[in-house]
Structure formats: structure tokens, C-alpha cells
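Fold and geometry: a report
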Amino acid sequence: MSSVPTIKRLDTPVVNRIAAGEVIQRPSNALKELIENSLDAGSTQIQMLIKEGGLKLLQIQDNGHGIRKEDMPIVCERFTTSKLSKFEDLYTIATYGFRGEALASISHVAHVTITTKTADSPCAYKASYSDGQLIPARPGQSADPKPCAGNNGTQITAEDLFYNIPTRLKAFKSPNEEYNRILDVVSRYAVHNAGVSMICRKQGSTVPDVKTQSGASTVDNIRDIYGSVASELLPLDKTVEGLNMKMKGYLSNANYNSKKMTFLLFINNRLVESSAIKRSIENVYSLLLPKGSHPFVYLSLDMDPKNVDVNIHPTKMQVHFLHEEKVLETVAEEIEKVLGNANDSRTFYTQSILPGASEPRRNIPEYKYVRTDSRATTLDNYIQPALTSSTPDKSPTPASTPASTPASTPHRSSTLVDPMEISTPPQTEVRKRVNVRLTSIVELKKAIKREEDKDLSTLLKHHIFIGFVDEVAALIQYEQSIYLINYNVLSEELIYQIVIHEFNNMGQLDLSEPISIKECIVIAMEYEQHKGELPDQLQDIHGIAQTITDELVLRNDMLKEYFSIGISDDGYLASLPMVIRDYTPNMSKLPLFLLRLGTEVNWNTEKECFDTLSRELAIFYCAEKGHDEDRKEYYSKVENLIFTCFKTYFCVPSHLQDQFKQLTQLSDLYKVFERC
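Conventions used here
- Residues numbered from 1 in each chain as written.
- Predicted model: local features only at pLDDT ≥ 70, side-chain atom pairs only at ≥ 80, totals over all residues.
- Heavy atoms only, no water.
- Helix = DSSP H or I, 4+ residues; strand = E, 2+ residues; numbered from the N terminus.
- Buried < 20%, exposed > 50% of the residue type's maximum accessible area, 1.4 Å probe, protein only.
- Contact = heavy atoms within 4.5 Å.
- Salt bridge = Lys/Arg side-chain N within 4 Å of Asp/Glu carboxyl O.
- Pairing = 2+ DSSP bridges.
- Axes fitted to C-alpha atoms, helices over the stretch in contact; angles between N-to-C directions.
- Expected span 1.5 Å × (residues − 1).
- Bend = angle between axes of the 7 residues up to and from the residue.
- Polar contact = N/O pair within 3.5 Å; in protein donor to acceptor, adjacent residues only side chain to side chain.
- Phe/Tyr/Trp six-rings, centres within 6.5 Å; stacked < 30°, edge-to-face > 60°.
- Lys NZ or Arg CZ within 6 Å of the ring centre and 35° of its normal.
- pLDDT = per-residue confidence, 0-100.
- Core = buried A, V, L, I, M, F, W, Y, C linked by side-chain atoms within 4.5 Å.

**Thoughts on the overall build of the protein**
- The secondary structure content of the protein amounts to 19 helices and 25 strands.
- Relative to its 676 residues, the protein shows a buried fraction of 49%.
- Sequence separation of at least 24 residues holds for 71% of the intrachain contacts in the protein that already meet a minimum separation of 6.

**Looking at the pattern of salt bridges**
- Following the criterion strictly, the structure yields 18 salt bridges and no others.
- With a closest N to O distance of 3.4 Å, Glu177 and Arg181 form a salt bridge. Of the two residues, Glu177 and Arg181 are both situated in helix α5 (residues 175-192); the distance of four residues between them amounts to about one turn of the helix.
- Under the relative-accessibility criterion, Glu177 is labelled partly exposed at 25%.
- For Arg181, a relative accessible area of 35% corresponds to the partly exposed category.
- Salt-bridge contacts for Glu471 lead to Arg631; the nearest nitrogen and oxygen are separated by 3.2 Å. Of this pair, Glu471 sits in the loop between β19 (464-468) and β20 (473-478) while Arg631 sits in helix α18 (residues 631-648), and the two are 160 residues apart along the sequence.
- Under the relative-accessibility criterion, Arg631 is labelled partly exposed at 38%.

**Examining the sheet that holds strand β11 (residues 245-252)**
- Here we have five strands laid out as an open sheet, ordered β10-β11-β14-β12-β13, and mixed in their pairing. Bordering the open sheet on either side are β10 (233-240) and β13 (270-271), each of which pairs with just one other strand.
- Across eight bridges, the pairing between β10 and β11 is antiparallel. In the strand pairing of β11, Leu233 is matched with Ser252.
- Across the face of the sheet, α5 comes into contact with β12 (262-267), β13 and β14 (296-303) while running at roughly 60° to β12.

**What to know about α18**
- Helix length check: α18 (18 residues) gives 25 Å between terminal C-alpha atoms against 26 Å at 1.5 Å per residue, within 8%.
- Glu639 marks the point of greatest bend in α18, at about 30°.
- With respect to burial, α18 is a largely interior element, 13 of its 18 residues being buried.
- If you check the start of α18, you find a side-chain oxygen 3.1 Å away from the backbone N of Lys632, and it comes from Asp630.

**Things to note about the packing of aromatic side chains**
- With the rule as written, the count across this model stands at 20 aromatic pairs.
- Centre to centre, the rings of Phe465 and Phe643 are 4.9 Å apart; their planes meet at 65°, and the pair counts as edge-to-face. Of this pair, Phe465 sits in strand β19 while Phe643 sits in helix α18, placing them 178 residues apart in sequence.
- The buried category is assigned to Phe465, whose relative accessible area is 5%.
- Ring geometry for Tyr562 against Phe610: centres 5.6 Å apart, planes inclined by 90°, an arrangement best described as edge-to-face. Residue Tyr562 is located in helix α15 (residues 556-563), and its partner Phe610 is located in helix α17 (residues 606-621); the two are separated by 48 residues in the primary sequence. In terms of burial, Tyr562 and Phe610 fall into one category: buried.
- Cluster of aromatic residues (ring-pair linked, three or more members): Phe465, Phe468, Tyr487, Tyr634, Tyr635, Phe643, Phe646 and Phe650.
- Over the ring of Tyr496 we find Arg615, and its NZ or CZ is 3.5 Å from the ring centre.

**Let's talk about the pairing of β12**
- Counting buried residues along β12, six of its six residues qualify, which places the element largely inside the surrounding structure.
- Across the two faces of β12 the burial is the same, with Thr262, Leu264 and Phe266 and Phe263, Leu265 and Ile267 all buried.
- Pairing of β12 with β13, which is carried by two bridges, proceeds in the antiparallel orientation. Among the inter-strand pairings, Phe266 is bridged to a residue of β13, identified as Leu271.
- Where β12 folds back on β13, the antiparallel hairpin that results is connected by two residues, among which Asn268 adopts a positive phi of roughly 55°.

**Thoughts on the confidence of the model for the protein**
- Confidence in the prediction of the protein, expressed as mean pLDDT, is 81, and 77% of residues score 70 or more.
- The lowest-confidence element of the protein is helix α9 (residues 380-383), averaging 38 in pLDDT; the highest-confidence one is strand β1 (residues 45-51), averaging 96.
- Across residues 371-394, confidence stays below pLDDT 50; counting only partners more than four residues off in sequence or on other chains, it has 32 contacts.
- Throughout residues 401-419 the model reports pLDDT below 50, and contacts reaching past four residues in sequence, or to other chains, amount to 46 contacts.

**Regarding the nonpolar core**
- If you look at the biggest cluster of nonpolar residues, it comprises 81 residues, and the most contacted ones within it are Leu460, Tyr487, Phe563, Leu573 and Phe643.
- Counting 55 residues, the second largest nonpolar core, distinct from the first, contains Val109, Ile182, Val196 and Phe266.

**Considerations on α5**
- The end-to-end C-alpha distance of α5 is 26 Å, a good match for the 26 Å that 18 residues give at a rise of 1.5 Å each.
- Those residues of α5 not exposed but buried are Glu178, Tyr179, Ile182, Leu183, Val185, Val186, Ser187, Arg188, Tyr189, Ala190, Val191 and His192.

This is how it looks when you write it as C-alpha cells:
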């Protein structure tokens, strides 16, 4: 007979490590807790740096009120908080954190370093933590917080997450999967906290994967993060007096659907999950969307804190609230009302005649063609006046093609620079093409070909243009399928490839009056500073602008010969490259382009220089409507120049696959409408 086991009290480190494993289940949980701490601190800028999905490095920096030096010894101990003092405070809690377990739990499963500064402190203080206690940064040193340089706010670094829980560490499938979970959490908080700038990127990468502006609206953040769904959103704003509840959010209309539902739910500003609310919303949309399709829903519910129990889940991802059945019924009813009142149809801009389109062959059924000839009677005739676009005499060509073209004056925004004339000087003699044999250019051309997705290139080469959806997306037909494509992103890659292939052979666009590069850069930096994109401790803007100008003047011979960028010795811009005949860029982007020439171009090595400079030209020249540009003229320019080049000069790289979305098959449409 076995002996009765003895009940023993667990050691404190074991208790703390078990509790930490419940609160911090994976890197995204840790980052969620840290983001909430930053928001509770009143931050307007939050920057996150991630390495290996957060397992090697998880760093967050904010500009909140910081932590007092006197509080730093206990900041990582369990149940230390500034949010409440007695249990009854839970009934009126309005902050994200309240238990005081987040930092403590992280310090039990990672190496934590905190650097913080309050507004009234003469300097910042830095301290290291392990198992909730202060530890010396190096053996033999004092564990007390050390004074150091720093900005107002707090920076928390967690390294080697779960280093002491090897089984948990082995359970994670891949760093990429964990990083995607982190991006999902950051994206949700960025949408809900419009007005707070959030930036998240991988260590070693200069391009953030999530970036929102401090002055952006909720719809702007949805557009930046989730893409074209922003143009299909319906606002929801309702106060329910009987439940003492306020509903706000944005819902996708019946025109939008996805294979997976995107559901962002916040209750009293806390990111939570509720299968009941989600199921209720899906039941409403099931009557509107095709089978297997799902909506985008961002919903924020503000309830009386007394009616919400937030202390039921270790990670605070679930809450309980009173009158749940009534809340579910009200949410479903209000969403149904919003969708029922959305009677506006989507507007498409169509062309009069397809360039190069031929008559259909007689042996192909009629339903396998899309009718886009505006001379035929269509529903557009009863919705709005037909929008026509002139068919060019011939396809656009890269700028190296010798031709005499008249001066053109594009529409452009006056937000950053004053309008100026751009003209294409007539050429009296044929310029001999330069055969470029530079190893760096040859390698960049090979890289373009190596990364090509031949199926997508064939699709664009033989596509038929249908119409514009908005200023970044359009519909095209290829064979029997209709696709929605993001021509803004695709045009950027197109311009890059043309610049590489026409290296040292581009024509030029002369400015009617040379423009000061330094003044443009100052305008760009002031604009970025106004948006909160520049660090507070930045040195003199005019000094930086002069440094960049001097850098460009030093290389004006190379820029003129290889890229047709004319810069005078006194720092004035005189000409820009003519990448595509008759095509001019959105000139409101010129100041930012000149600024990025100094900050984003790698001038040290030849290949990197040519590659990054071509990328910046692509960003500058890509299809983007200016603030003051006439929409019809913008669409005409994109249709007749950009889309025609898609057919001729474009190798679509495989990483742009997600810019193509197949909507339907023509045969399926015919089955729906054949009785009409």
C-alpha cells in the first residue's frame, strides 16, 4: 500500500514562474501588456523592435510620463501597481493594467532592462531585473538604478524570453509565426488608438511592418494596415441608454468579403475576444455575403465599469458583463440597421475603347467576354455621365526613345511645393543608346528576372482593362477571370525596373525654374516634424538640409549622367528623369524625395547606391494622385501610360502576389445574369 503524499508549500520562485507562465503565454502576450502600460502612461508615440518573433528581443519605447526613480526597485515585483489600492477599485477601473503582474511575470521568464525618465528628472535611470528583483548589470556592480542619458518616457527591453522554460520555448513553431501574432496585436491597438503613433519593425530592418501617424484617423489607420477595405467601411455610432452603453466602430459593407473574418473587439478600450458577439455579427452578415465569405468589423463598446468584470482571465483577453443577451441583441440590431441603410452602389470609371482590343472570335461564346465598350448601353449611362479617356496614338515608351514631344504641365499638389512647369525639350537628333556593362547593373537586372513570377507577368501582359475602383485599385480581365489589382504598389515596382533597364539612357524633364534643394528638404523635414515623425532631440533642421544638399551637389555629375537628375553647383534642382514618355510624377512628393536621397540612399557601395536610388525614384514616380490633381486626368494618365507599360515592360516579382485578387469567373457571372 502506497504512502499518502505529503502536501508541501512551493518555493516562492516556483510559484512566481508558474504564475508567469499563465500571464505570459507567448511573446505577443508580453508585448500586449507592455503596449497597455505605455498607453496607461499617456504615450503618444510607441516604437517596438522585435528579433526572432520576440523570443530573442522584445523592446518597446514610449514618450509617456515615465517611472520615478524611487519606484524602480519594486516595479517588477508582483502585485505592485499604481492603478488601484483596494479590491473595490476593480468596479470602476478604467486603465488597462490593474494587477501589477505584467512586468513581474516578464522578469521571471526573460532578462529585463528598464530605462526611464520623468519630465522633472534631470536624467534617465537604467536598471536590470531578474525574478522581479533588481540585479547588477555586471557582476560586482551595484544593482541600484544607474543615471544615464535618455528621453522622457520609458524603454523596456526583454531578452531571451522563456530561456528558463525550455519546453515552452520548443513548443513555438517558428519565429515568423510569433512575429505575425505580434503584428496582429499591434495592428489592433493601432486602429483603436488613433492619435497614438505606433511603429513595429524587425531588428535589422529599416522598413516598419506597422506604422501609423499620430495625427491619423481610425479610417486612415485601417487603410494603412488592412488595405483597400477602408474604402468599403460604414461608420457605427450609437448610444444605448437602457444599457448605459455606447457603440462605435466601422463595418465593411456588402461589397467587401474575405475568406476569414477580421474582428477587432474592444470593451472599455480593452482588447478582448468574445465568441458570442462574433457569432452574432456573423449571423447578420450571412444574409448579405456569399457562402464562405466574411466581413471586416471593428467594434468598440463603452460600458459602465460596474457592469464589466475584467478579472476573469490571466491575460485579460476575456471579460464578463451584465445583460449579455440584451447586449448581443442590441449589437446585432444596430449592425443590421447600418447595413440596411447603405444603399449606395460602388462607382467604376470605365474607358471608351480598349487599346488594341480586337473583335471576339465567332467560335467563343459571348458570355466569355466582358463588355467594356462605353458605346453600348450599360448601367453606367443611368448612374453618371460616361467618363471617357483618349486612346493614345501609340504605346508609351521608356524615356530613352527619341521623340519630339510638346511641353506638358501636370496637375500637382501645392501642399509642399509651389506649382511649376515641367517641359520635355524637343530632340533634334537621335541620342545613341549607351550599352551599360557595369557589373552592379547587370546583377540588378538578373535579380529582377530571377524574382519574376511568370504567370503574373503573363497575366498583366495580356490583361484587358475594365475600370478603376479607387485611386489605388482597378479591375482587369485575363482570359475568363476578373482580378482586383493594386496598381499603386505595382507601378512602384514598374518604375524601379524601368529605371534599372534604362540606366544611363533616360531622357529628362526640365523644370521651368530651378528649385532650391535645401528649401525643399527643410519643407519636408518641417512637414515630418509636424506629423511627429522626427525625434525630439534632432539637431538643427537647416544644418541637416545643407548637409544633404552638399552630398547631392558632390555627386551631381553621376546623378546627371546615370539618372538624368540635373543639380547645379549652387544646390538647385534643374531637371528630373523622364522615366516614361509623357508621364510626370506627383510633384507634391518632391521635397520628401530629396530628403530621402540623403537619408535612404546608400552612397558607399556602387550596387547598393544604384539599387536604393532607383527605389527612391520609384516611390517618387509611382501612381499616386496629387491633392489638387483632377481625378479624371489622373485616371487617364494611369490607364494610358502605366497600364500600357504593364503589358510591355514589367516582370512581376513573386512577392507581389498578394496585390492580385481574383474576384470571379465570367462563366459564374453569366449563370447569375443569364436570365436578365
